[in-house]
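Chain by chain, the residues run as shown.
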Amino acid sequence: MAEATGPALVDLPPPECPGTGSDQAGKAAACQGCPNQGVCATGRLAGPDPGKKAGESAIEEIKEKMKTVQHKILVLSGKGGVGKSTFSAHLAHGLAEDETKQVALLDIDICGPSIPKILGLEGEQYVEENLGVMSVGFLLSSPDDAVIWRGPKKNGMIKQFLRDVDWGEIDYLVVDTPPGTSDEHLSIVQYLSACSVDGAVIVTTPQEVALQDVRKEISFCHKVKLPVLGVVENMSGFVCPKCKGMWRHLLLQKESQIFPPTTGGAETMCQNLNVPLLGKVPLDPLIGVKDRCNRNHPGEEETA
């Protein structure tokens, strides 16, 4: 009669994991929120840690695959709706303006993959000859299909993207992430932990309701030792296209604060947290009108 195997780890352990053989297994601060916590806390895991070995193996495989990728940049934000995906698309396009550079954009927002729509891609994976895209959106039979996955399956999808996609020789890999500090973020940071990630660009909007979650994202970066390249304040002020024409003769622009920076906006937050403010992007109708997601609607007219 075969011996029963003990419980197995269900996901990649966190970086500060005390180990399944430790008396702190499932009890340490690093264990809070880990999907393995319940299994480890039972004390029934003995001998070599198969889950950790599998995780380490995946990290080594991804390290080897990523040797052809020169720079890796994560785009993060604790808050949803601040324009991470739009910013990621613009960043990738901006880098690809140099035709001598090869750029890739990886969308790891598993439940809400918006990069294919933003870039006007339907079944395609290349925007330009030197700009490629990968997203779970390409794997869905319909863009309206819901992805209803728990953490381990999301983790496996991200591992597949990093390890199994033929990235080739890439100068820049831009990774668009979902909001929060959860499964996808832990997975991408851990899987790239041996790959010298350049760092994270944090996207926010000016109002405090966004900033309070962005502070959590910056704290997350510090805890997982991910360098913060800087913060971008998106939707920073709005200049009415019609009013702009009226004020042009005075060399002035009448700007409205749609999202009032009641606590000083990203600038004050960056000063307080000692992180760079990379810049401010205004609310501009031309960003939406000229976006590739509208290229399938030629009847829509531009207003400027």
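Just so you know, these numbers come straight off a predicted model, no measurement behind them. (Residues numbered from 1 in each chain as written. Predicted model: local features only at pLDDT ≥ 70, side-chain atom pairs only at ≥ 80, totals over all residues. Heavy atoms only, no water.)

Moving on, we get to the pattern of salt bridges. Per the stated rule, a full pass over the model turns up eight salt bridges. Note that Arg163 is salt-bridged to Asp164, the shortest N-O span being 3.2 Å. On the accessibility criterion, Arg163 (27% relative accessible area) is partly exposed. Here Asp164 falls in the partly exposed class, since its relative accessible area comes to 44%. The closest approach of N and O atoms between Lys216 and Asp213, which form a salt bridge, is 3.3 Å. Here Lys216 and its partner Asp213 are both found in helix H7 (residues 208–223), three residues apart, which amounts to about one turn of the helix. Since its relative accessible area comes to 18%, Asp213 is described here as buried. (Salt bridge = Lys/Arg side-chain N within 4 Å of Asp/Glu carboxyl O. Buried < 20%, exposed > 50% of the residue type's maximum accessible area, 1.4 Å probe, protein only. Helix = DSSP H or I, 4+ residues; strand = E, 2+ residues; numbered from the N terminus.)

Turning to the packing of H7 against helix H9 (residues 265–273), a few remarks are in order. Where H7 contacts H9, the axes come no closer than 11 Å and their chain directions differ by 35°. Pair H7 / H9 crosses with right-handed handedness. Across the interface between the two elements, Leu211, Val214, Arg215 and Ile218 from H7 touch Gly265, Ala266, Met269 and Leu273 from H9. For the contact of H7 with H9, the per-class residue count stands at six nonpolar, one polar and one charged. (Axes fitted to C-alpha atoms, helices over the stretch in contact; angles between N-to-C directions. Left-handed = near helix turned anticlockwise from the far one by under 90°. Contact = heavy atoms within 4.5 Å. Nonpolar A, V, L, I, M, F, W, Y, C, P; charged D, E, K, R; others polar.)

Moving on: the confidence of the model for the chain. Detailed conclusions should not be drawn from predicted coordinates in areas where pLDDT is low. Overall, the predicted model of the chain reaches an average pLDDT of 82, with 78% of residues at or above 70. Taken element by element, the predicted model of the chain shows its lowest mean pLDDT in helix H8 (residues 241–247) (60) and its highest in strand E5 (residues 170–176) (98). Note on residues 46–51: pLDDT is under 50 here. Beyond four places in sequence and across chains, it has five contacts. (pLDDT = per-residue confidence, 0-100.)

Looking down a regular strand, the side chains alternate between one sheet face and the other. The buried fraction of strand E1 (residues 69–76) is high, at six of eight residues. Looking at chain direction, E1 and E5 are connected through six bridges and run parallel. When the sheet's bridge partners are listed, Ile73 is paired in E5 with Val174. Two elements, E1 and strand E6 (residues 199–204), share four bridges in a ladder whose sense is parallel. Note that in E6 the partner of Leu74 across the bridge is Ala200. (Pairing = 2+ DSSP bridges.)

As for its position among the elements, Ser88 is in helix H3 (residues 84–96). Judged by its relative accessible area of 0%, Ser88 falls in the buried class. Leave out the neighbours within four places in its chain, and Ser88 touches Val75, Leu105, Val174 and Asp176.

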